[in-house]
Amino acid sequence: MTLLLAASTPLTWLLEPISHGFMLRALLVSALVGGVCGLLSCYMTLKGWALMGDAVSHAVMPGVVVAYALGLPFAVGAFVFGVGSVAVIGFVKQKSRVKEDTVIGLVFTGFFALGLVLISKIRSNIDLTHILFGNVLGISDSDITDTLVICAIVLAVLLVLRRDLMLFCFDPTHARSIGINTGLLHYLLLSVLSLAAVAGLQTVGIILVVAMLITPGATAYLLTDRFDRMTLLAVASSVFSSAGGVYVSYWTDSSTAGCIVLVQTFLFLLAFFFAPRHGIFRQHQS
Amino acid sequence: MSAARPPLGPDRLRIEADQVCVDYNGTMALHDASLRLEAGCICGLVGMNGAGKTTLFKALMGFLRPSKGYIRINGLSVRQAQRQQAVAYVPQSDGVDCAFPVSVWDVVMMGRYGSMNLLRVAGASDRAAVHHALERVELLELRDRPIGALSGGQRKRAFLARAIAQDASVLLLDEPFNGVDVRTEKLMADLFMQFRKEQRSILISTHDLSHVRNFCDRVVLINKTVLAYGETSEVFTPENLSLTFGGLPPNLLMGPTPSRENER
């Protein structure tokens, strides 16, 4: 690697990886999924749904396994189990005295465990490590098609309803009082979250997908006080992290998922320290 | 009711509640509550914590459906009134996330969402309404400030501006004078007078009895039901207040109550 770096110019650093077909595909898929998850992450962080994102992304696992076993697109299974887990969380919370964060932890680990057992019992060619840690370098054509469809759906919902969802996060009481169906928005946002979790599962896997769903939003939140700018910054930082992570993983020959999330975390730390208004160095100066 | 006012026809009523009962998870939060509020009045809503003030607000906004009785707003069902943006709710200062990345202008623009198309694209008339509303609450110069950079009083005015931009005919205010400085209090009182002239009706939920005496021409006393309503001078008697606050001696009740606790 040192030899390669020494022998090449910055242009070849960028061009050599994508001369391989699988790298180009990985780069494009990661960037697309990153952008979509980045946009969604704004709503997750502002609504305070980080834990919910973690729960849903883990809970989709049995759905993915069942869908594979039945020959359905994995998005269908993930969607059913993602939304189902939230319904179960809501039901248990309402009917018992157990606190919400406990219920969330309890339900998603239960679903996740069910997924583990199903993988070991159902005969299939699913590789557990691919689900857990992603396999964007070896992504199949049919998975790419599914991911494209999922991203298109999520993007369409988020773009058409972006004002309503913003208002729903900011002041649901006002939203309801002017006749906006907040119950529908709630479940729509959860459905979109389930779908995005499946898309993110392709690139970084179940364990790290929650990073895709919150870190870009958190980074952007530190950089601006305007919602529109926040969404742009979140998408930009997420796309950059995904693409950058794929490059870093190529040149260091290390885990793609790990690299993508590490770049995201690095960007967050930059914002945390140096953000113009909300960074900690700025706060100390003023 | 004073004889000088025109007789109340149904068309002059902003809020009409008839024997409304509201169940809340199996417990009766409000029973047989009846209320008629005409156009152009400032009405205080007074009751203890848990007396049903929030429940009444929620029923008026259509969040809770009465199990018995009916509510009409401007002669329409609550749902129809909602569609016409007739009811605006002005939250308590701590009722919203102040670190949310929106500007004052954005917040006031939210009052226009109900009358925009699905994509909520603001047109010239929406911008004009927001501009005008900000002018009325004297926040025009601060329109680009993030909502979190405002003082408590300024934030309250921003949410009032949102109700103005919405052009609501019924305003529900939750503890509007909490944490508000004297200048804002004066400005709000002036605004309430203007609203009354514009035939809007304001319902103010408050613990602070001195404010009711100073600003409200009507008062509604509630304790699980509407105990009394009407002209402040007639209804705001020590006997009625004692009833409202569960038999506490009236002299304790004539000053502002220290309680700042919110209703659940």
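Please read these numbers as outputs of a predicted model, since none were measured by experiment.

Student: Explain the nonpolar core to me, please; I cannot follow it from the model alone.
Tutor: Soluble globular proteins tend to pack their nonpolar side chains together in the buried interior. The biggest cluster of nonpolar side chains holds 139 residues, and the ones touching the most others in it are Leu40(A), Leu158(A), Leu189(A), Leu134(B), Leu160(B) and Phe192(B). Here this core gathers at least three residues from each of two domains, domain 1 (1-86 + 168-250) and domain 2 (101-167) of chain B. Excluding residues that lie within four positions of it along the chain, Phe192(B) makes contacts with Ile42(B), Leu160(B), Leu173(B), Phe177(B), Ile202(B) and Ile204(B).

Student: How do you make sense of helix α6 (residues 182-197) of chain B when you look at a structure like this?
Tutor: Structurally, the α-helix is built with 3.6 residues per turn, so residues lying three or four positions apart point the same way. Residue and element names in this part refer to chain B. End to end, α6 covers 23 Å across 16 residues, agreeing with the expected 22 Å (1.5 Å per residue, within 8%). Three or more residues of α6 are buried, namely Thr-184, Leu-187, Met-188, Ala-189, Leu-191, Phe-192 and Phe-195. On its buried face, α6 sits against β3 (41-46), α4 (124-136), α5 (152-166), β7 (170-174), β8 (201-205) and α7 (209-215).

Student: Quick question: what am I supposed to make of the interface of chain B and chain A here?
Tutor: Note on interface size: it is often stated as the accessible area lost on association of the parts. Taken residue by residue, the interface counts 28 residues in chain B and 24 residues in chain A. For the pair chain B and chain A, the summed buried surface comes to about 2,400 Å²; carbon and sulfur atoms form 62% of the total. Three residues, Phe63(B), Phe100(B) and Pro101(B), lead the burial of chain B against chain A; their summed loss comes to 27% of the area buried on that side. On inspection of chain B and its partner chain A, the count reaches three salt bridges. Across the pair Asp106(B) and Arg226(A) runs a salt bridge, and its minimum N-O distance is 3.4 Å. On inspection of chain B and its partner chain A, the count reaches nine residue pairs in polar contact (both at pLDDT 80 or more). Residue assignment for the side of chain B that touches chain A shows that the elements contributing at least two residues are β6 (87-90), α3 (104-109) and α5 of chain B. For the side of chain B that touches chain A, the class distribution of residues is 17 nonpolar, six polar and five charged.

Student: For this particular structure, what's the right way to read the sheet that holds β6(B)?
Tutor: Residues and elements named next belong to chain B. Strand order in the open sheet formed by six strands is β6-β7-β8-β3-β9-β10, and the pairing between neighbours is mixed. The outermost strands of the open sheet, each flanked by one partner alone, are β6 and β10 (226-231). Sheet twist, expressed as the average angle between the axes of neighbouring strands with direction ignored, equals 15°. Direction of pairing for β3 relative to strand β9 (residues 218-222): parallel, over a ladder of four bridges. Each bridged residue has a counterpart across the sheet, and for Gly-44 the counterpart in β9 is Val-219. Packed on one face of the sheet, α5 meets β6 and β7 and runs near 175° to β6. The sheet strands contacting α6 are β3, β7 and β8, and the helix crosses β3 at an angle near 120°.

Student: Would you take a moment to explain the domain arrangement of chain B for this structure?
Tutor: Residues and elements named next belong to chain B. When the domains of chain B are assigned, the result is domain 1 (1-86 + 168-250) and domain 2 (101-167). For domain 1 versus domain 2, the distance between C-alpha centres works out to 25 Å. Of all residues in domain 1, the largest losses of buried area upon contact with domain 2 belong to Gln-85, Ala-168 and Leu-187, amounting jointly to 35% of the total for that side. Our count for the domain 1 to domain 2 interface comes out at three salt bridges. The salt bridge partner of Arg-183 is Glu-138, with a shortest N-O separation of 3.1 Å. Seen at the junction of domain 1 and domain 2, the total is nine residue pairs in polar contact (both at pLDDT 80 or more).

Student: Which parts of the structure should I look at to understand the packing of helix α3 (residues 21-47) of chain A against helix α13 (residues 227-252) of chain A?
Tutor: When two helices pack together, their arrangement is given by the angle between their axes and by how far apart the axes lie. Residue and element names in this part refer to chain A. At their nearest, the axes of α3 and α13 sit 7 Å apart, and the two run at 145° to each other. Regarding α3 and α13, the two cross each other, and that crossing is right-handed. In terms of residue class, the contact of α3 with α13 is built from 17 nonpolar, nine polar and no charged.

Student: Just to check I follow, could you spell out the sheet that holds strand β1 (residues 13-24) of chain B for this structure?
Tutor: Note on sheets: strands pair through backbone hydrogen bonds, and any given pair is parallel or antiparallel. Residue and element names in this part refer to chain B. Read across the open sheet, the four strands follow the order β2-β1-β4-β5; overall the sheet is antiparallel. Unpaired on one side and paired on the other, β2 (27-38) and β5 (76-77) mark the two borders of the sheet. Examined bridge by bridge, β1 and strand β4 (residues 68-73) share five bridges and lie antiparallel to one another. Within β4, the residue paired with Cys-21 across the bridge is Lys-68. Strand contacts of helix α1 (residues 53-61): β1, β2 and β4, with the helix running at about 115° to β1, the strand carrying the most contacts.

Student: Please clarify how the packing of helix α12 (residues 205-223) of chain A against α13(A) should be interpreted in this entry.
Tutor: All names here are of chain A. Put simply, α12 and α13 touch, their axes get as near as 8 Å, and they point 130° apart. Taken together, the axes of α12 and α13 are oblique relative to one another. The element α12 and its partner α13 pack so that their crossing is right-handed. For the pair α12 and α13, the contacting residues are Met-212, Pro-216, Gly-217, Ala-220, Tyr-221 and Leu-223 in the first and Met-230, Leu-233, Ala-234, Ser-237, Ser-238 and Ser-242 in the second. Looking at the contact of α12 with α13, its residues break down into eight nonpolar, four polar and no charged.

Student: Is there a simple way to explain a positive patch on the surface in this structure?
Tutor: A contiguous patch of positive charge, built from Arg176(A), Arg65(B), Arg79(B) and Arg83(B), is present on the exposed surface. Residue placement: Arg65(B) occurs in the loop between α1 and β4.

Student: It is not clear to me how α1(B) should be interpreted in this structure. Could you clarify?
Tutor: Residues and elements named next belong to chain B. Burial of α1 is extensive: eight of the nine residues sit out of reach of the surface. Within α1 the residues assigned to the buried category are Lys-53, Thr-54, Thr-55, Leu-56, Phe-57, Ala-59, Leu-60 and Met-61. With its phi angle positive at about 85°, Gly-62 sits one or two positions after the end of α1.

Student: Could you clarify how one ought to interpret the environment of Thr147(A) in this entry?
Tutor: Positionally, Thr147(A) belongs in helix α8 (residues 141-160). Apart from residues no more than four positions distant in its own chain, Thr147(A) is found in contact with Val29(A), Val33(A), Ile139(A), Ala199(A) and Gln202(A).

Student: What's the story with unusual backbone geometry in this structure? I'm lost.
Tutor: Glycine aside, the phi torsion of most residues is negative, and most peptide linkages are trans. Notably, Asp253(A) is not glycine yet its phi reads approximately 50°, a positive angle. Along the chain, the position of Asp253(A) falls in the loop between α13 and α14 (256-274). A relative accessible area of 72% means that Asp253(A) is categorised as exposed. Within the chain, Gln85(B) stands out as a residue other than glycine whose phi angle is a positive 60°. On the secondary structure map, Gln85(B) appears in the loop between α2 (78-83) and β6.

Student: What should I look at first to understand the pairing of β9(B) in this one?
Tutor: Side chains on a regular strand alternate between the two faces of the sheet. Residues and elements named next belong to chain B. Most of β9 is tucked away, with five of its five residues classed as buried. Side chains Arg-218, Val-220 and Ile-222 project from β9 onto one buried face, and the interleaved Val-219 and Leu-221 project onto a second face that is buried too. Pairing analysis gives five bridges linking β9 to β10, with the strands arranged antiparallel. The residue of β10 that forms the bridge with Val-219 is Gly-230. From the end of β9 to the start of β10, which pair antiparallel, there are three residues, and Lys-224 there has a positive phi angle of about 70°.

Thresholds applied
- Numbering of residues starts from 1 in each chain and follows the order in which that chain's sequence is written.
- Here every chain gets a letter starting at A, and every ligand a number starting at 1, in the order they are written.
- Reporting in this predicted model follows two pLDDT cut-offs: at least 70 for local features of residues, and 80 or more for side-chain atom pairs to be given and counted; totals over whole chains, interfaces and linings ignore these cut-offs and use all residues.
- The side-chain figures draw on all heavy atoms in the structure; neither hydrogens nor water molecules are used.
- Definition of nonpolar core: a set of buried residues of the types Ala, Val, Leu, Ile, Met, Phe, Trp, Tyr and Cys, connected through side-chain atoms within 4.5 Å.
- Burial classification: accessible surface area is computed with a 1.4 Å probe over protein chains only, and a residue below 20% of its type maximum counts as buried, one above 50% as exposed, and the rest as partly exposed.
- The start and end points of each domain follow an automatic or database-based domain assignment.
- What makes two residues a contact is simply this: any of their non-hydrogen atoms within 4.5 Å.
- A run of DSSP states H or I qualifies as a helix once it reaches four residues; a run of E qualifies as a strand once it reaches two. Both are numbered from the N-terminal end.
- One less than the number of residues in a helix, times 1.5 Å, gives the span that helix is expected to have.
- Here the quantity called buried area is the total loss of accessible area, with a 1.4 Å probe, experienced by two parts when brought into contact, counted for both.
- By definition here, a salt bridge exists when the distance from a side-chain nitrogen of Lys or Arg to a carboxyl oxygen of Asp or Glu is within 4 Å.
- A 3.5 Å cut-off defines polar contacts: any pair of N or O atoms within that distance qualifies, except that in protein one atom must be a possible hydrogen donor and the other a possible acceptor, and neighbouring residues in sequence count only when both atoms are side-chain atoms.
- For this classification, the nonpolar set comprises Ala, Val, Leu, Ile, Met, Phe, Trp, Tyr, Cys and Pro, the charged set comprises Asp, Glu, Lys and Arg, and every other residue, Gly included, is treated as polar.
- Only when DSSP finds a minimum of two bridges between them are two strands counted as paired.
- Where helices are involved, their axes are fitted lines through C-alpha atoms of the stretch in contact, as for all axes, and angles between N-to-C directions lie from 0 to 180°.
- By definition, turning the near helix anticlockwise from the far helix through less than a right angle yields a left-handed crossing, and turning it clockwise yields a right-handed one.
- Put simply, angles under 35 degrees are roughly parallel, angles over 145 are roughly antiparallel, angles from 65 to 115 are roughly perpendicular, and the rest are oblique.
- Residues enter patches when they are more than 30% accessible in relative terms and free of salt bridges; like-charged ones are connected within 9 Å and nonpolar ones (Val, Leu, Ile, Met, Phe, Trp, Tyr) within 5 Å.
- Methods summary: accessible areas were calculated by the Shrake-Rupley approach with a probe of 1.4 Å, and residue burial reflects only the protein chains presented.
- When charges are counted, Lys and Arg contribute as positive and Asp and Glu as negative, whereas His and the chain ends are disregarded.
- A charged residue contributes its charge at one atom only: NZ of Lys, CZ of Arg, CG of Asp or CD of Glu.

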